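Below, each chain spelled out in residue letters.
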Amino acid sequence: QALKPRGYRDIPRRRAMGAYKYLEEFWRKKQSDVFRYLARLRTWEYRQLPAIHRCSRPTRPDKARKLGYKAKQGFVVYRVRIKRG
């Protein structure tokens, strides 16, 4: 049998991570400086808002999409403050 030249399909490649995968990883590492800073900013910002607030987009788009959210007409996201827990 003749030797075939190696094509681009034969070379094993590592797949690049998508944006949602990066977001997932970001939310997993809660002790990172960036996450702690953003969390502190968000909590302050949420305290300034009314108790029931309609958001323009979800805070965690990766998680929202896993739960069935689509960025199209008819889907609404509300953020509701609770006392504790």
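How each quantity is defined
Residues numbered from 1 in each chain as written. Predicted model: local features only at pLDDT ≥ 70, side-chain atom pairs only at ≥ 80, totals over all residues. Heavy atoms only, no water. Salt bridge = Lys/Arg side-chain N within 4 Å of Asp/Glu carboxyl O. Helix = DSSP H or I, 4+ residues; strand = E, 2+ residues; numbered from the N terminus. Buried < 20%, exposed > 50% of the residue type's maximum accessible area, 1.4 Å probe, protein only. Lys, Arg positive; Asp, Glu negative; His and termini not counted. Contact = heavy atoms within 4.5 Å. Phe/Tyr/Trp six-rings, centres within 6.5 Å; stacked < 30°, edge-to-face > 60°.

Chemist: Could you give an account of the pattern of salt bridges, naming the residues involved and the relevant values?
Modeler: It is possible for side chains of opposite charge to pair when their charged atoms get near one another. For the coordinates displayed, the defined rule picks out 4 salt bridges. Between K21 and E24 there is a salt bridge, with the nearest N and O atoms lying 3.9 Å from each other. Taken together, the residues span about one helical turn, with K21 and E24 both in helix α1 (residues 19-28) at a distance of 3 residues. Note that K66 is salt-bridged to E24, the shortest N-O span being 2.8 Å. Here K66, found in helix α3 (residues 61-66), pairs with E24, found in helix α1; they are 42 residues apart in sequence, far enough to count as distant.

Chemist: How would you explain the side chain of D62 if you had to name every residue and give the values?
Modeler: Of note, D62 is situated in helix α3. As a buried residue without a salt bridge, D62 has its nearest oppositely charged side chain in R60, at a separation of 4.2 Å. Apart from the residues lying within four places of it in its own chain, the contact partners of D62 are Y20, L23 and E24.

Chemist: Go over the packing of aromatic side chains, please, and point to the residues and values.
Modeler: Here the structure, examined in full by the defined rule, presents 3 aromatic pairs. A ring pair is formed by Y69 and F75, whose centres lie 5.8 Å apart and whose planes are at 80°; its orientation type is edge-to-face. The structure contains a cluster of three or more aromatic residues connected by ring pairs, namely F26, W27 and F35.

Everything listed here is a matter of coordinates, which is why it stays silent on function.
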